[in-house]
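Structural features, examined
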Number of protein chains: 2
Amino acid sequence: MKIDMVKPSILPGFMELLPGDQIQFNKLADTIRKTYESFGFMAIDTPIIEKSEILLAKGGGETEKQIYRFLKGSTDLSLRFDLTVPLARYVAQNYSSLTFPFRRYQIGKVYRGERNPKGRFREFYQCDIDIVGNGNLNILNDAEIPSIIYSVFNNLGFQDFTIKINNRKLLNGFFEALQIQDNSEVLRVIDKIDKIGTSNATQELLCCGLSFEIVEKIFEFINISGSNQDILLLLNNLNISNANFKDGVCELSAVTKYVKLFGVPDDNFKIDLKITRGLDYYTGTVYETFLNEYPSIGSVCSGGRYDNLAAYYTKQKLPGVGISIGLTRLFYQLNEAGFFKKEVNKSITKVLVIPLDNNIDYGISLANFLRDKGIITEIYLEEAKLVKKLGYADKLGIPFVILIGEKEVENKTATIKNMFTGDQITVDFNASYEIVNA
Amino acid sequence: MKIDMVKPSILPGFMELLPGDQIQFNKLADTIRKTYESFGFMAIDTPIIEKSEILLAKGGGETEKQIYRFLKGSTDLSLRFDLTVPLARYVAQNYSSLTFPFRRYQIGKVYRGERNPKGRFREFYQCDIDIVGNGNLNILNDAEIPSIIYSVFNNLGFQDFTIKINNRKLLNGFFEALQIQDNSEVLRVIDKIDKIGTSNATQELLCCGLSFEIVEKIFEFINISGSNQDILLLLNNLNISNANFKDGVCELSAVTKYVKLFGVPDDNFKIDLKITRGLDYYTGTVYETFLNEYPSIGSVCSGGRYDNLAAYYTKQKLPGVGISIGLTRLFYQLNEAGFFKKEVNKSITKVLVIPLDNNIDYGISLANFLRDKGIITEIYLEEAKLVKKLGYADKLGIPFVILIGEKEVENKTATIKNMFTGDQITVDFNASYEIVNA
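Numbering of residues starts from 1 in each chain and follows the order in which that chain's sequence is written. As they are written, the chains are lettered A onward and the ligands numbered 1 onward, keeping that order. Residues qualify for local features only when their pLDDT is at least 70, as the model is predicted, and side-chain atom pairs are given and counted only at 80 or more; totals for whole chains, interfaces and linings, by contrast, use all residues. Values reported for side chains reflect all heavy atoms of the structure, with hydrogen atoms and water molecules removed beforehand.

The name an unreviewed UniProt entry assigns to chain A is Histidine--tRNA ligase, from the organism Clostridium tagluense. UniProt positions are given in the numbering used here, feature names are shortened, and annotations may be inferred rather than shown by experiment. In its Subcellular location (unreviewed entry) section, UniProt records this for chain A: "Cytoplasm". Listed in UniProt under the heading Subunit (unreviewed entry), the comment for chain A reads: "Homodimer."

Encoded structure:
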């Protein structure tokens with residue numbers, strides 16, 4: 001049969017990893033998952049394909065342009081572009097079956113047809129947690145979230161990172177006090193101020209129709225700095241009587257106080273009035289997280305408080321607070337920046353049992369024995385010269401090889417070779433476990 | 001702002017679970033994953049969307065009808081309908097970077113637009129392992145696979161299951177000896193014989209143009225029974241001189257011998273000449289697995305040996321052997337059959353710390369302490385009456401509640417309530433860990 005061959009390739013903007021990188025990626029994902037679970041968040045798994053009317057209920061903006069949408073028969077389908085809209089639909093749909101506050105996490109792929117996928121991805125993992133209340137949700141939850149972010153990045157092996165926090169009520173109140181009617185454009189400009197610089201931002205704000213005096217006041221405000229306590233004091237001293245502003249300062253003070261109790265060190269937590277989460281739907285606390293050794297990556301974990309999660313699907317008021325880690329991009333950037341060790345294993349196997357001659361039976365027994373003890377063990381089953389068998393372990397970075405020859409079978413022993421040091425030792429069958437588990 | 005509400009729902013044929021069921025599902029998936037890993041299989045993650053020309057390189061049949069295929073801009077895309085075609089593409093694409101035999105597992109969602117999705121799913125998880133050789137792959141690998149199937153189902157809590165095995169060479173050789181030119185239709189009929197019964201199968205085989213005498217011979221052959229040794233003896237005694245037949249018997253004998261050494265009990269492993277894996281691309285050993293207490297589920301784990309994995313993408317000959325578990329359907333059927341306990345937890349949380357009055361600080365310290373010790377711990381942060389707080393733990397099936405009042409703060413103690421027995425005990429802060437970890 002003649003076969004028409006197709007050149008094997010994947011689509012641009014899709015990440016696919018070789019074994020070594022995949023192991024690193026999986027470690028990141030596992031650490032995030034375990035940390036989320038340690039705080040009692042429950043994994044939920046929603047379909048990747050949903051009805052377009054569900055995903056586009058809010059509609060508008062970039063979402064509609066980027067979404068993967070298609071017909072199957074006469075059904076209008078779309079691939080999810082985030083995990084928040086499916087969560088909203090899930091909670092609305094299962095409202096009467098859920099117990100609130102509903103603490104869920106989801107780690108899953110989402111899809112956005114980015115026009116220029118260079119350094120961005122059209123298929124990528126988001127790792128989300130949300131705490132959704134029924135009618136109301138205590139501000140203390142906003143203080144627990146940074147402790148989860150802290151644990152995640154600490155467990156991932158980072159020390160020098162900063163969780164930056166702000167509050168949208170405080171910002172809204174401040175702009176109201178300045179008589180700015182629609183602040184969405186202002187928030188958008190402030191959101192990108194660290195990228196575009198102050199003079200460009202000034203230009204853009206003036207273009208919004210603000211006076212030079214107002215723009216100056218905005219800059220003075222967002223650049224308020226000092227310790228968290230200093231900033232809170234300065235905010236109080238502004239004597240702005242706007243109710244939103246006061247609420248915001250009050251919330252920010254409470255969150256700051258309790259974040260400390262939740263165990264986040266001062267060094268890792270900073271009020272920053274420039275954090276706005278520009279176009280998002282947040283209504284209170286907002287977060288962004290920066291790895292200080294990798295400033296070019298930008299925020300690695302963002303989120304905030306929203307008043308009403310599922311307004312498009314239910315009349316129930318469901319306030320919540322949550323965060324998201326864009327894992328695919330984070331992995332890509334860390335990998336580019338040389339974060340991962342290069343001499344990485346390409347296998348998770350700890351022991352490769354190599355039967356020499358025809359001692360396969362004994363080799364299988366030993367492999368079964370080690371596996372039963374919890375050691376990830378493979379047995380080399382191909383016919384090949386010893387050098388090729390050792391080469392297999394070497395290429396994959398498998399730390400231990402156990403050689404089984406006539407002698408080992410006769411004496412019920414195992415000859416264990418440490419592939420890193422080259423050391424070789426012959427021990428009793430049972431004792432092999434202690435050696436490879438040391 | 002007036003909002004047009006959309007009724008929250010998912011597409012038909014898509015599975016989405018409530019927390020209690022999701023916990024059970026995740027346990028199955030985790031067990032499969034850990035078992036696959038214990039044998040040194042490496043997780044690979046391929047994109048869900050691929051180029052249509054890749055996924056449809058082989059084309060034809062049900063695949064092309066069921067596939068989710070669409071245009072994004074001018075790009076012709078499809079959602080993967082299994083994990084084997086992406087594996088073939090991956091191995092061909094990364095051939096020079098991989099070490100062979102390449103042992104990979106993948107647990108992921110695949111998509112098939114089933115016309116009538118009742119009891120079947122359009123989005124479902126497959127859990128695959130494959131061992132792919134470069135040029136050749138020892139028959140011993142075919143014997144290791146049943147030991148992995150055995151471990152998986154054993155670890156999932158099953159004892160009474162049967163891994164049925166056969167060999168396509170043996171079948172092909174037998175049909176060749178009977179002068180049947182194209183046996184694909186015959187294989188298809190035999191494959192469903194347990195579903196449609198002998199008389200319907202006879203009818204269908206006669207319709208294929210076979211004589212009654214030949215059909216009788218086929219039935220006599222496929223119904224050969226007895227112990228595995230008996231069957232192998234009878235096969236040898238048939239004195240069929242066809243080379244394929246002889247090869248097949250030889251392979252089946254070797255696999256049967258080594259499966260025992262790999263630790264699979266006789267009760268769980270059975271040669272069955274009716275197993276054909278009908279329309280699939282297998283060329284040697286074939287497997288199906290049946291849970292004997294749930295016969296209506298049908299095969300829960302199938303697979304086999306193939307000569308050449310990636311013929312559509314590379315000239316390299318890549319033989320392999322693998323299996324697949326259709327997890328979504330397995331979970332659905334087990335759930336329907338009442339396999340899972342009904343009074344299941346709806347949370348993975350082990351301890352809920354409930355601060356009474358305003359003792360939030362001490363409560364947070366205790367929650368942090370337990371979490372650091374590896375106990376999944378939540379703290380109840382909402383303002384509510386005690387009965388509502390306890391109700392939260394009760395509804396979710398959280399086993400321990402720790403009450404923190406004035407007394408506990410004063411004496412540095414914790415009052416622990418066992419939610420199943422109702423027992424309550426007050427112990428020192430540090431001692432709380434031993435109680436909830438017992």
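Residues and elements named next belong to chain A. Interhelical geometry of helix 11 (residues 228–237) versus helix 12 (residues 243–261) gives an angle of 160° and a closest axis separation of 11 Å. Between helix 11 and helix 12, the angle falls in the class roughly antiparallel. Along this stretch, helix 11 crosses helix 12, giving a crossing that reads as left-handed. Of the residues in helix 12, those in contact with Asn228, Gln229, Leu232, Leu235 and Asn236 of helix 11 are Phe245, Val249, Leu252, Ser253 and Thr256. A class-by-class count of the residues in the contact of helix 11 with helix 12 yields 5 nonpolar, 5 polar and no charged. Think of each axis as a best-fit line through the C-alpha atoms, taken over the contacting stretch in the case of a helix, with angles from 0 to 180 degrees between the N-to-C directions. Secondary structure is summarised from DSSP: a helix means a run of H or I of at least four residues, a strand means a run of E of at least two, and numbering begins at the N terminus for each. Any angle that is under 35 degrees is reported as roughly parallel, and any over 145 degrees as roughly antiparallel; angles of 65 to 115 degrees are reported as roughly perpendicular and all others as oblique. Should the near helix be turned anticlockwise from the far one by less than a right angle, the crossing is left-handed, and should it be turned clockwise, the crossing is right-handed. When checking whether two residues touch, look at their non-hydrogen atoms; a contact exists if any pair is within 4.5 Å. Each residue is assigned to one of three groups, with Ala, Val, Leu, Ile, Met, Phe, Trp, Tyr, Cys and Pro labelled nonpolar, Asp, Glu, Lys and Arg labelled charged, and all others, Gly among them, labelled polar.

Attention now moves to the sheet that holds strand 13 (residues 377–379) of chain B. Residue and element names in this part refer to chain B. At least two DSSP bridges between two strands are required for those strands to pair. With respect to topology, 5 strands assemble into an open sheet ordered 13-12-14-15-16, the strand pairing being mixed. With partners counted over all chains shown, the strands left at the sheet margins are strand 13 and strand 16 (424–428), one partner each. For this sheet the average axis-to-axis angle between neighbouring strands, irrespective of direction, equals 25°. Bridge count between strand 14 (residues 400–404) and strand 15 (residues 413–418): 4 bridges; the pairing is antiparallel. Bridge pairing links Phe400 to Asn418 in strand 15. Strands in contact with helix 14 (residues 360–372) are strand 12 (351–355), strand 13, strand 14 and strand 15; relative to strand 13, the strand with the most contacts, it is inclined by about 170°.

The next point concerns the packing of aromatic side chains. Within 6.5 Å between ring centres, the rings of Phe, Tyr and Trp (the latter by its six-membered ring) count as paired, and their orientation is classed by plane angle as stacked under 30 degrees, edge-to-face over 60, tilted in between. Counted by the stated rule, this structure contains 49 aromatic pairs over all chains. Relative to A:Phe429, the ring of A:Phe369 has its centre 5.0 Å away and its plane inclined at 45°; by these criteria the two rings are tilted. Of this pair, A:Phe369 sits in helix 14 (residues 360–372) while A:Phe429 sits in the loop between strand 16 (424–428) and helix 17 (432–437), placing them 60 residues apart in sequence. Exposure class is identical for A:Phe369 and A:Phe429. Each is buried. Arranged with centres 5.4 Å apart and planes meeting at 70°, the rings of B:Phe25 and B:Phe331 form a pair that is edge-to-face. Here the residue B:Phe25 occupies a position in helix 1 (residues 19–38), and B:Phe331 occupies one in helix 13 (residues 327–336), the gap between them amounting to 306 residues. Each of the two residues, B:Phe25 as well as B:Phe331, counts as buried. An aromatic cluster is present here, built from A:Phe25, A:Tyr125, A:Tyr150, A:Phe153, A:Phe158, A:Phe161, A:Tyr294, A:Phe331, A:Phe339 and A:Phe340 joined pairwise through their rings. By definition, being over a ring means that NZ of Lys or CZ of Arg is both within 6 Å of the ring centre and within 35 degrees of the ring normal. Between A:Arg103 and the ring centre of A:Phe41, over which it is positioned, the NZ or CZ distance is 4.4 Å. The buried label applies to any residue whose accessible area, calculated with a 1.4 Å probe on protein chains only, is under 20% of its type's maximum; exposed applies above 50%, and partly exposed to all values in between.

Let us now look at the sheet that holds strand 2 (residues 49–51) of chain A. Residues and elements named next belong to chain A. Sheet architecture is open: 3 strands sit in the order 2-4-3, paired in antiparallel fashion. Among the strands making up the open sheet, the edge pair consists of strand 2 and strand 3 (69–72). Here the average twist between neighbouring strands, direction ignored, is 40°. Examined bridge by bridge, strand 2 and strand 4 (residues 75–79) share 3 bridges and lie antiparallel to one another. From the neighbouring strand, Ile49 faces strand 4, where its bridge partner is Leu79.

With that settled, the discussion passes to the domain arrangement of chain A. Here chain A is described as being made up of domain 1 (7–132 + 308–344), domain 2 (161–286) and domain 3 (351–437). Inter-centroid distance (C-alpha atoms) of domain 1 of chain A to domain 2 of chain A is 28 Å. Domain borders in the structure are assigned automatically or taken from a domain database.

Moving on to helix 12 (residues 243–261) of chain B. Residues and elements named next belong to chain B. Over its 19 residues, helix 12 extends 27 Å from the first C-alpha to the last, a length consistent with the 27 Å expected when each residue adds 1.5 Å. Along helix 12, the residues that are buried comprise Phe245, Gly248, Val249, Glu251, Leu252, Val255, Thr256, Tyr258 and Val259. Put simply, Asn242 is the residue that caps the front of helix 12, since its side-chain oxygen is 2.8 Å from the backbone nitrogen of Asn244. Count one or two residues on from helix 12 and you reach Gly263, which has phi positive near 100°. Each helix should span, by expectation, one fewer than its residue count multiplied by 1.5 Å. What qualifies as a polar contact is a pair of N or O atoms within 3.5 Å, subject to a donor-acceptor requirement within protein and to the restriction that residues adjacent in sequence count only when both atoms come from side chains.

On to the UniProt feature "binding site: L-histidine" (unreviewed entry) in chain A. Residue and element names in this part refer to chain A. UniProt annotation of "binding site: L-histidine" (unreviewed entry) refers to Asp82, Leu83, Thr84, Arg112, Gln126, Asp130, Arg277, Tyr281 and Tyr282 when read in the numbering used here. By the secondary structure assignment, Asp82 is in the loop between strand 4 and helix 4 (84–93). Look at Asp82 and you get buried, because its relative accessible area is 11%. In contact with Asp82, not counting residues within four places along its chain, are Val110, Arg112 and Gln126. Within the local environment of Asp82, its side chain forms a polar contact with the backbone nitrogen of Thr84, the two atoms lying 3.2 Å apart.

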